[in-house]
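Breakdown of the fold
Next come the chains, spelled out residue by residue.
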Amino acid sequence: MNSNSVAFWIGAALFLVVIGVMTQVIGNEYPFFAGYVILQFIVLAVAWTILGGYAGYVNFGTSAFFGVGVYTAVFLVKAMGAPLLVQIAAAAAVGALLGFAVGLLTLRMQGIFFSIATIALTIVIETTVTNWRFVGGAAGIQLQRPPVMPPFHSYVQMLFFVQALLVVLAVAIARYVQRSWIGRGLQALRDDELAAECSGVPTLRLKVLACVISGALMCAAGAPAAMYLQYADPSSAFNLNYSVTVLAMSLIGGTAHWAGPIVGAILLGVTQQLLAVTISSEVNVLVLGVMLVLFVVAAPEGLLGLARRIAGTRAGGEA
Amino acid sequence: MFSVDLLLNAVVLGVLLGCFYAAVSLGLSVSFGLLDVPHVAHPAVLILASYGVFFLNDSYDIDPLLAGLLITPLLFVFGLVAYRVYYETFEKRGSDAGVRGIAFLFGIAFIIEVLIILQFGVDQRSVTASYIGKAWRIGEMRIPARLIVAFAVASVLAILLTLYLSRTFMGRAIRAVAQDEEALRLMGANPVKIKQWAFGIATAVLGVAGALLIIVAPVEPTLDRAYIGRTFCVVVMAGLGSMTGTLIAAIILGVVESIVLSTVGASWAPAISFAMLLGVLAIRPQGLFGRLS
């Protein structure tokens, strides 16, 4: 383990300690309620970046994976009253399978066609769930939270802590992928898929692998949302807004490095929470649209790219 | 339960519906099919046009089709400006323009959605005209007059656009720019100007298409999301850039939707176009009548 990794794990441990202390010290529910959403979007955006940033395959199916995560949890709760950790683990497994299927289905699709296919997939899955009576159909389903486990005082606090664990897990995985041969392979296939294939990079296998990892993390992030809202319905669980929000967060932060989506998710997530809006309200959609347009035009490499460019020109000026 | 009459009825309605789908997809067939702009905001502009028609019909009692024609020049200019902006920000910079382009266009689509909500609210809106609500009876069959209007106008629109692209100088130039931009540049023509003009036309067509949309059924601000599936399904299935293909693909979609609607039920309707799109992308990405690449 080099010093960089030591610093990373110390940072992660500190983050969890702070979160843990917060759940013990702060009595008010609201910070957890709002913070949960931001943490959830960090996981989603980091997971998105593994496929969308490293490999350059723009996935509009975030809502499909998120929704499948939500409904895996709903199904398990309704069928056998499974505990939260089982819900999350099962959702991750289902997400990995779904990611595998998406990877195989879209094996030869590139660029815009991949994006369109993932939008299509979202609607197909949403419609299937809408027609699935057992989990409530179009009308949605109410869920009862089980009693909270100590040391937490409320269920939302516990969900907040669990989502924080998922953040650490997602970031650690994204960081590992970026620094290993997988990340280098994905980067090669992003820059030139044909050239990468010709020089022996197993592009198809890497692409499917990225789909699997990204899908598993997205579904895992979605699973606690069922208990968070105590309610699930297909049109909000599979709302296209999730896909575009996550895309915007990653693009705003910058997609080349795992820190990018974190920065983007915090920036956009906090803005949305400050405006105290829900995922489908108009103001939220307007903020989303304007930020997306603004950043794609003015800072195509995201905030990280922007910072690097500013640092670069300053260093260049001095030299 | 299953009867020939019912099936025949579904097929006839499906063909009419399909022609209407062709009308709303023709613009995308030019912008995405010929110009390679991943125009996910196309359905949003379509809904915007519908609301424009609603406004003219509601405030000044203008016939919806005439209103559609009236806003066409506005849309044309909007298209010219929009392509210039898109070109300067994305295509000119080159690499991974498509990826950021589609994100940009999604942003635009969302902004349009919210502007419509702020101006007109989230309620469904519809127009009034003498032919809305009437129906033709042929034997057992009952065909709504608004679908026949949509069918007739859509056919005229498709024919006009096909003739424009194959007979006029500018139309041929547009097809040339789709085939080989570099060659055009070498011959001293300006491909950007031609593409800008083409994008203007692709947007202008939405005036009449938007009128048809609100004639066929009431519109609401978030309707564009359903039409992303329908329009892209039609254009990809047609094979990018083929106008006749667009008409045939749209009719196939219309008939399939209509049959599923009358047999399986309306709750599966949203998935049909997207499932067909997915199938086409996976099995035959060049479309049914694809141009060779």
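Residues numbered from 1 in each chain as written. Chains lettered and ligands numbered in written order. Predicted model: local features only at pLDDT ≥ 70, side-chain atom pairs only at ≥ 80, totals over all residues.

What follows deals with the overall build of chain B. Assigned secondary structure in chain B consists of 11 helices and 2 strands. When the helices and strands of chain B are listed from N to C terminus, the series reads α-α-α-α-β-β-α-α-α-α-α-α-α. Whereas a compact globule of 293 residues would reach a radius of gyration of roughly 19 Å, chain B reaches 19 Å, a difference of no more than 12%. In terms of overall dimensions, chain B has a C-alpha envelope of 60 × 45 × 35 Å along the principal axes. Across the 293 residues in chain B, those meeting the buried criterion constitute 51%. By sequence separation, contacts in chain B at least 24 residues apart represent 79% of the contacts at least 6 residues apart. (Helix = DSSP H or I, 4+ residues; strand = E, 2+ residues; numbered from the N terminus. Rg over C-alpha atoms; globule rule 2.2 N^0.38 Å. Buried ≥ 20, exposed ≤ 12 C-beta atoms within 10 Å, placed from the backbone. Contact = placed C-beta atoms within 7 Å.)

Helices and strands together make up the secondary structure of chain A, namely 14 helices and 2 strands. Taking 20 Å as the expected radius of gyration for a compact globule of 319 residues, we find that chain A reaches 19 Å, a close match to that expectation. With the C-alpha coordinates aligned to their principal axes, the bounding extent of chain A is approximately 60 × 45 × 40 Å. Taken over 319 residues, chain A has a buried fraction of 51%. Considering only contacts in chain A between residues 6 or more positions apart, those separated by 24 or more positions represent 80%.

What follows is about the environment of Tyr60 of chain B. Structurally, Tyr60 of chain B is set in helix α2 (residues 42-60). For the pair Tyr60 of chain B and Glu88 of chain B, spaced 28 residues apart in sequence, the C-alpha to C-alpha distance is 38 Å.

Residues and elements named next belong to chain B. For helix α5 (residues 145-167), with 23 residues, the first-to-last C-alpha span of 33 Å sits near the 33 Å given by 1.5 Å per residue. Looking at α5, one finds that the buried residues are Arg146, Leu147, Val149, Ala150, Phe151, Val153, Ala154, Leu157, Ala158, Leu161 and Leu165. Against the buried residues of α5 lie α1 (4-34), α3 (64-91), β2 (141-144), α6 (169-179), α8 (191-216) and α10 (243-263). (Expected span 1.5 Å × (residues − 1).)

As a further point, take the nonpolar core. If you look at the biggest cluster of nonpolar residues, it comprises 214 residues, and the most contacted ones within it are Phe20, Ala150 and Leu212 of chain B. The element best represented in this core is helix α9 (residues 203-229) of chain A, accounting for 17 residues. Once you skip the residues sitting within four places of it in the chain, Leu212 of chain B turns out to touch Phe20, Ala23, Ala150, Val153 and Ala154 of chain B. (Core = buried A, V, L, I, M, F, W, Y, C linked by C-beta atoms within 7 Å.)

Turning to the interface of chain B and chain A, a few remarks are in order. Taken together, the contacts link 33 residues of chain B with 34 residues of chain A. Counting residues per element, the ones that place at least two in the side of chain B that touches chain A are α4 (97-120), α9 (224-238) and α11 (269-283) of chain B. Of the residues contributing to the side of chain B that touches chain A, the split by class is 24 nonpolar, 5 polar and 4 charged. (Nonpolar A, V, L, I, M, F, W, Y, C, P; charged D, E, K, R; others polar.)

A separate point is unusual backbone geometry. Look at Gln230 of chain A: it is not a glycine, yet its phi comes out positive at around 60 degrees. With respect to the helices and strands, the residue Gln230 of chain A is situated in the loop between α9 and β2 (231-232). Phi at Asp36 of chain B takes a positive value of approximately 60 degrees, unusual for a residue other than glycine. Examined against the element boundaries, Asp36 of chain B turns out to sit in the loop between α1 and α2. According to the C-beta neighbour criterion, Asp36 of chain B is partly exposed, with 19 such atoms within 10 Å.

With that settled, the discussion passes to the environment of Val15 of chain B. Residue and element names in this part refer to chain B. Here Val15 lies in helix α1. It is 19 Å that separates the C-alpha atoms of Val15 and Ala275, two residues lying 260 residues apart in sequence. Excluding its chain neighbours within four sequence positions, the residues that come into contact with Val15 are Ile251, Gly254 and Val255.

Our focus in this paragraph is the environment of Gly11 of chain A. Locating Gly11 of chain A in the fold gives a position in helix α1 (residues 3-25). Between the alpha carbons of Gly11 of chain A and Val201 of chain A there is a distance of 33 Å; along the sequence they are 190 residues apart.

Now for the packing of helix α5 (residues 112-130) of chain A against α11 of chain B. Packed helices, taken two at a time, are described by the angle between their axes plus the distance between the axes. Viewed as axis vectors pointing N to C, α5 of chain A and α11 of chain B meet at an angle of 140 degrees, and their least axial separation amounts to 8 Å. If you check the angle between α5 of chain A and α11 of chain B, you find them oblique. Pair α5 of chain A / α11 of chain B crosses with left-handed handedness. Within the contact between the two elements, α5 of chain A uses Phe113, Ile116, Ala117, Ala120, Leu121, Ile123, Val124 and Thr127 of chain A and α11 of chain B uses Pro270, Ala271, Phe274, Ala275, Leu277, Leu278 and Leu281 of chain B. (Axes fitted to C-alpha atoms, helices over the stretch in contact; angles between N-to-C directions. Parallel < 35°, antiparallel > 145°, perpendicular 65-115°, else oblique. Left-handed = near helix turned anticlockwise from the far one by under 90°.)

The next subject is the packing of helix α11 (residues 240-253) of chain A against helix α12 (residues 259-274) of chain A. All names here are of chain A. At their nearest, the axes of α11 and α12 sit 7 Å apart, and the two run at 115 degrees to each other. Here α11 and α12 pass one another in a crossing that is right-handed. Facing α11, whose interface residues are Ala248, Met249, Ser250, Ile252 and Gly253, α12 presents Gly260, Pro261, Ile262, Val263, Gly264, Ala265, Leu267 and Leu268. Here the contact of α11 with α12 is built from residues that sort into 9 nonpolar, 4 polar and no charged.

Residues and elements named next belong to chain B. Summarising the model, chain B shows a mean pLDDT of 84, and 95% of its residues fall at 70 or more. Model confidence for chain B, summarised as mean pLDDT per element, is weakest for strand β1 (residues 135-138) at 74 and strongest for α2 at 91. The ipTM for the predicted assembly is 0.83, set against a pTM of 0.88. (pLDDT = per-residue confidence, 0-100.)

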